[in-house]
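Here is how the chains run, residue by residue.
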Amino acid sequence: MSDKPAVLFLCVKNGGKSQMALGLFAHYAGDRATSWSGGSQPGEALSAGAVAAMAEVGIDITHEHPKRWTDSQLQEADVIVTMGCGDACPYIPGKRYEDWAIEPGPSEAQRDEIDGRVRALMESIGLEPGPSVIPA
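Values in this document were obtained by computation on a predicted structure and should not be read as measured data.

## A few points about the packing of helix H1 (residues 17–29) against helix H2 (residues 48–56)
Okay, step 1: Orientation of H1 relative to H2, taken along the N-to-C sense of each, is 20°, at an axis distance of 10 Å. It follows that H1 is roughly parallel to H2 by the angle criterion. In this structure, H1 meets H2 at a crossing whose hand is right-handed. On H2, the residues touching Met-20, Gly-23 and Leu-24 of H1 are Ala-50, Ala-53 and Met-54.
Okay, step 2: When the residues that make up the contact of H1 with H2 are grouped by side-chain class, the tally is 5 nonpolar, 1 polar and no charged.

Spelled out as structure tokens, the structure:
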């Protein structure tokens, strides 16, 4: 892993879970890491529930849009996090993968679960996440 780790969050539509993960990771990591998100079948727009859930904790993800991951991102990523894209998610030998099975449900519950996973991921790659944005 380089001095500046890179993480790629993948799902199907790239409008909800992977966008929340990207928003949380980018918030906690700042310029200490690089991060992207992408989908296997990107949707038309971000999930309104995901946007609202993130706004509740002060993170604005409205500047993002659903998109497909790129080969460049796959090659540059130190960690690839998959969230339900199954066989459509690419496999690159030698890359570190984490599969996050996030249960369907309200966006707030998903956000809170993703927050814990993002914070644990950051610690595992040597980045201190700082205080959580999720109210106790």
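## Overview of the side chain of Asn-14
Okay, step 1: Note that Asn-14 resides in the loop between strand S1 (6–11) and H1.
Okay, step 2: A polar contact is formed between the side chain of Asn-14 and the side chain of Gln-19, at a distance of 3.1 Å.
Okay, step 3: A distance of 3.0 Å separates polar atoms of two side chains, one belonging to Asn-14 and the other to Ser-37.
Okay, step 4: Beyond its immediate stretch of four places on either side in the chain, Asn-14 contacts Gln-19, Ser-37, Gly-38, Gly-39, Leu-46, His-65, Pro-66 and Lys-67.

## Observations concerning the state of the cysteines
Okay, step 1: One pass over the structure, following the stated rule, counts 1 disulfide.
Okay, step 2: Each disulfide pairs two cysteine sulfurs, and for Cys-85 the partner residue is Cys-89, the sulfurs being separated by 1.3 Å.
Okay, step 3: In this model Cys-11 remains outside any disulfide bridge; the closest cysteine sulfur is found in Cys-85, 7.1 Å from its own.

## Some remarks on the pattern of salt bridges
Okay, step 1: Under the definition given, this model contains 5 salt bridges.
Okay, step 2: Of the charged contacts, one joins Arg-111 and Glu-56 as a salt bridge, the two residues approaching to 3.1 Å between their closest N and O atoms. Remark: Glu-56 occurs in helix H2 and Arg-111 occurs in helix H4 (residues 107–124); sequence separation between them is 55 residues.
Okay, step 3: The network of salt bridges with shared partners includes Glu-56, Arg-111 and Asp-112.

## Focus on the UniProt feature "domain: Phosphotyrosine protein phosphatase I" (unreviewed entry) in the chain
Okay, step 1: What UniProt calls "domain: Phosphotyrosine protein phosphatase I" (unreviewed entry) maps, in this numbering, to residues 5–124.
Okay, step 2: Within residues 5–124, the helical portion is 38% and the strand portion 17%, while the C-alpha atoms at the span's ends are 11 Å from each other.

## Regarding the packing of H1 against H4
Okay, step 1: The interhelical angle for the contact between H1 and H4, taken along N-to-C directions, is 45°, at an axis separation of 9 Å. Between H1 and H4, the angle falls in the class oblique. Relative to H4, H1 is oriented so that their crossing is right-handed. Residues Lys-17, Met-20, Ala-21, Leu-24, Phe-25, Tyr-28 and Ala-29 of H1 form the contact with H4, whose own contacting residues are Ser-107, Gln-110, Arg-111, Ile-114, Asp-115, Val-118, Arg-119, Leu-121 and Met-122.
Okay, step 2: Residues that form the contact of H1 with H4 fall into these classes: 10 nonpolar, 2 polar and 4 charged.

Calculation notes
- Residues numbered from 1 in each chain as written.
- Predicted model: local features only at pLDDT ≥ 70, side-chain atom pairs only at ≥ 80, totals over all residues.
- Heavy atoms only, no water.
- Axes fitted to C-alpha atoms, helices over the stretch in contact; angles between N-to-C directions.
- Helix = DSSP H or I, 4+ residues; strand = E, 2+ residues; numbered from the N terminus.
- Parallel < 35°, antiparallel > 145°, perpendicular 65-115°, else oblique.
- Left-handed = near helix turned anticlockwise from the far one by under 90°.
- Contact = heavy atoms within 4.5 Å.
- Nonpolar A, V, L, I, M, F, W, Y, C, P; charged D, E, K, R; others polar.
- Polar contact = N/O pair within 3.5 Å; in protein donor to acceptor, adjacent residues only side chain to side chain.
- Disulfide = S-S within 2.5 Å.
- Salt bridge = Lys/Arg side-chain N within 4 Å of Asp/Glu carboxyl O.
- UniProt positions renumbered as here; feature names shortened; annotations may be inferred.

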